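Each chain, written out:
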Amino acid sequence: MCAQEYTEGDRNNPYSFDDYLFVKSQFNFYRDDEFFHALLKKYAGSEFDKIDAELKELSDKVSYRWRDLADEATRLENRVRCTIIQHYDAYNHRIDRIKRAAETEHLEKEIFNLGLFDPKRNTAWSRFAKMFLLYELGEVGVMCPVACTHGMVWLMQKYEDELSSEAKSCLTAVRDGINGDYSLGSQFISEIQGGSDVPANLVEAVYEEAGGLDGISNCWRLYGQKFFCSAMQADYAIVTAKPKNIPSSTKVAAFAVPAWLPGNKEKEIRNSYTIDRLKQKLGTAELPTAEITYNGTVAYPVGPYEKGLADVVGVVLSLSRLHISFGMAAGGLRAAREAILYAQFRTAFGVPIASFPLMMNQINDLKHAVMRTTAGAFKLYSEFIHFNENLISGIRELQQLDDMEERKRRFRLRELIMLCKIAVADEAPALIRLAISFFGGHGIMEDFIALPRLHRDSMIMELWEGPRNVLLAQIHRDLQRVAEWYSAEDFIKDMLEGAEKSIIEPLAKKFARIISHDTLLRSDEITLNICKDWQELSTEIVRVYQEQALVELDYEEKPIKFSKLYRKFKKRITERKEEELLIPI
Ligand SMILES: Cc1cc2nc3c(=O)[nH]c(=O)nc-3n(C[C@H](O)[C@H](O)[C@H](O)COP(=O)(O)OP(=O)(O)OC[C@H]3O[C@@H](n4cnc5c(N)ncnc54)[C@H](O)[C@@H]3O)c2cc1C
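This one's a predicted model, so the numbers in the text were calculated from it and none came from an experiment.

Reading the values: rules and limits
Per chain, the residues get numbers from 1 upward, laid out in the order the sequence is written. Local features in a predicted model are, by the rule used here, given only for residues with pLDDT of at least 70; side-chain atom pairs are given and counted only at 80 or more, and totals for whole chains, interfaces and linings are based on all residues. Computation of side-chain values: all heavy atoms of the structure, hydrogens and water removed. Strands were regarded as paired on the criterion that DSSP finds at least two bridges between them. Each helix corresponds to a stretch of at least 4 residues labelled H or I by DSSP, and each strand to a stretch of at least 2 residues labelled E; elements are numbered beginning at the N terminus. Inter-axis angles, ranging from 0 to 180 degrees, are taken between N-to-C directions of lines fitted to C-alpha atoms, where helices are fitted over the stretch in contact. Angular relationships are summarised with four words: roughly parallel below 35 degrees, roughly antiparallel beyond 145, roughly perpendicular across 65 to 115, and oblique for the angles in between. Working rule for contacts: check all heavy atoms of both residues, and any pair within 4.5 Å makes them a contact. Three residue categories are used. Nonpolar comprises Ala, Val, Leu, Ile, Met, Phe, Trp, Tyr, Cys and Pro, charged comprises Asp, Glu, Lys and Arg, and polar comprises the others, including Gly. Think of it this way: one heavy atom of a residue within 4 Å of a molecule or strand is enough to make that residue near it. Contacts described as polar in this section are N or O atom pairs within 3.5 Å, which, within protein, must combine one atom able to donate a hydrogen with one able to accept it, while residues neighboring in sequence count only if both atoms come from side chains. The Shrake-Rupley method, run with a 1.4 Å probe sphere, supplies the accessible areas, and residue values consider only the shown protein chains as cover. Two rings belonging to Phe, Tyr or Trp (six-membered ring only in the last case) form a pair when the distance between their centres is within 6.5 Å. Interplanar angles under 30 degrees mark stacking, angles over 60 mark edge-to-face geometry, and anything in between is tilted. Residue burial is assigned from relative accessible area. The probe radius is 1.4 Å, only protein chains are included, and a residue is buried under 20% of its type maximum, exposed over 50%, and partly exposed in between. Comment: the charge-over-ring label is applied if NZ (Lys) or CZ (Arg) is within 6 Å of the ring centre and within 35 degrees of the ring normal.

*Asks:* Sorry, what's going on with the pairing of strand 2 (residues 94-100) here?
*Replies:* Where strand 1 (residues 83-88) meets strand 2, five bridges bridge the pair, whose relative direction is antiparallel. Looking at the pairing, Thr 83 lines up with Arg 100 of strand 2.

Dropping the structure here:
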């Protein structure tokens, strides 16, 4: 490693970031990360060797070529152009064509062609491990569609036997792929009058016997506006709407909606809806998020009409919430790693900045926070896998389970998904900001490091899939609904099992006091205080859960060392060159 040498009065300042760039750019997200290995080893069990080999192969792409594609798509000068809509073609045909950066389209194709949700290509753990690795890239305009597709597949699978043949072909396209190509799913729930209040949805579904202009008769058609439609480039969406003229017409049902009817994608004739506008967002710039109007859009029901809300919240949104927890953990691991390496490389006042006690504390805090968040995410996901990756739609469905242990454990999973989503989404922007601070002024530079992008994207996670208040209110309501068979105190004790009694008991008591307060909707002083306590306690509970996950991992940390990695990567390159020379021509 070349030491930086300066001579007073030397006009040709030799300072260079090259050594840092070398180490950062050579780091292989999976191969060089022992913590990731340890987690996978613990959780994937007998599948470890197979997944390890698959991840090594994938990581060779993710860590280098895909990382560069992701960076390129949102370079400052590309950002305003990375999602564009063209409403009409030259011949006055409404086409609503979405254009994105070629890099994003390329990434999307490669990532979707991993067949993440195809049971022939992936198991529960290989799917999770690959998604975790991919999230180290950030959202990149692809991981939101991955999360949405996950939710769509899981909801449709739940009702696979009852789906119409048209709906079944949507499922086949997103899950099993057609000729090796996998389609994307999305989820359109939020409307202009409120995203939190899904029961207030106004989009209508009407069963129409007469044929439409598209030549289809005897089908459900959607009318109305959806106001936050991400992954607008997707081929299919799960959409919530209220079906008219049926007994439960005030309730929200779930529909699978193709973006184009069969044969119309090539002609750019959308399924009777317009994309009115693409949103201009703080983060996830590569992801087209649109406002759309349905005007007779053909839609296929998924599940019972009256269960749409429970299904969408319990399965589709819960899965997206899980994604936020482990996705932000993965992004955090990368942000911390790159920042800590920089702190070891950079010097100030003649010493590496990582050796200042103020920095040492911050490095330790950052490192520990991302490790506990990641350990917590793996532990949470292992619960999901424990139940064969099946989620229960709502409390009513849960109460049909006679086995009380299973009922409680499934309930804990439901609530933990919300708790972890809130805590991780809240903490992530702060952790990335801390990581940015290690770079001083360079941390703010868009072309110096990916952290400004990760920071902007992390701000979105707070709002996606239910903002904090909405989830806190939901958990409070859920605990009250199950009070007869699951006390608030026992819930906390079970959830934090393994942690010290002296930590669990006060939390359980505080939690029980909050849940016993009848409502969070009154604006009296007691309720205001309860709300404040609940907000703080929710974070504390998750911290203990994550700390416990880290203890259970029993990982003996080997801190990353810039100089050691520098030597390792130099050696790796030399060995590779030697190997190449040995290949007979
Ligand atoms: C970039 C981006 C992409 C998105 N993509 C999609 C998508 O693809 N599909 C989709 O369906 N939606 C999408 N959304 C919408 C997102 O899910 C909503 O923004 C979210 O659900 C909140 O709805 P809202 O924006 O209407 O806020 P509101 O519902 O108006 O809420 C505003 C505030 O009020 C608070 N609040 C609401 N109810 C309560 C309560 N009971 N107690 C206390 N506080 C409360 C909330 O916490 C929030 O802070 C996206 C959002 C963003 C930012």
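And the narrative resumes.
*Asks:* Is there a simple way to explain the packing of helix 12 (residues 404-438) against helix 17 (residues 525-553) in this structure?
*Replies:* A pair of packed helices is characterised by two quantities: the angle between their axes and the separation of those axes. Where helix 12 meets helix 17, the axes come as close as 9 Å, and the angle between the chain directions of the two elements is 100 degrees. Judged by the angle between their axes, helix 12 and helix 17 are roughly perpendicular. Two secondary-structure elements touch here, helix 12 through Leu 416, Leu 419, Cys 420, Ala 423, Val 424 and Glu 427 and helix 17 through Trp 534, Ser 538, Val 542, Arg 543, Tyr 545 and Gln 546. Of the residues in the contact of helix 12 with helix 17, the class split is eight nonpolar, two polar and two charged.

*Asks:* Quick question: what am I supposed to make of the site of the ligand here?
*Replies:* Neighbouring the ligand are 19 residues; Ile 189, Ser 190, Gly 195, Ser 196 and Ser 230 lie closest to it. Between the ligand and the protein, one listed contact pairs an oxygen atom with a side-chain N or O atom of Ser 196 at 2.5 Å. Between the ligand and Phe 228, the relevant distance is 2.8 Å, taken from a nitrogen atom to a main-chain nitrogen or oxygen of the residue. Protein contact buries 67% of the 970 Å² of open area that the ligand shows by itself. Counting only elements with at least two residues in the shell around the ligand, the list comes to strand 3 (185-188), strand 5 (219-229) and helix 14 (468-481). Of the residues in the shell around the ligand, the class split is nine nonpolar, eight polar and two charged.

*Asks:* Help me out: how do you make sense of the packing of aromatic side chains in this one?
*Replies:* Overall, the coordinates contain 43 aromatic pairs when judged by the stated rule. For the ring pair Phe 17 and Phe 448, a centre distance of 5.0 Å and an interplane angle of 85 degrees mean the geometry is edge-to-face. Highlighted residues: Phe 17 in the segment before helix 1 (18-26) and Phe 448 in the loop between helix 12 and helix 13 (451-461), separated in sequence by 431 residues. Overall, the relative accessible area of 21% leaves Phe 17 in the partly exposed class. By way of ring pairs, the aromatic residues Tyr 30, Phe 36, Tyr 43, Trp 125, Phe 128, Phe 132, Tyr 135, Phe 326, Phe 378, Tyr 381 and Phe 384 are connected into one cluster. The ring of Trp 485 carries Arg 407 above its face, with NZ or CZ at 4.8 Å from the centroid.

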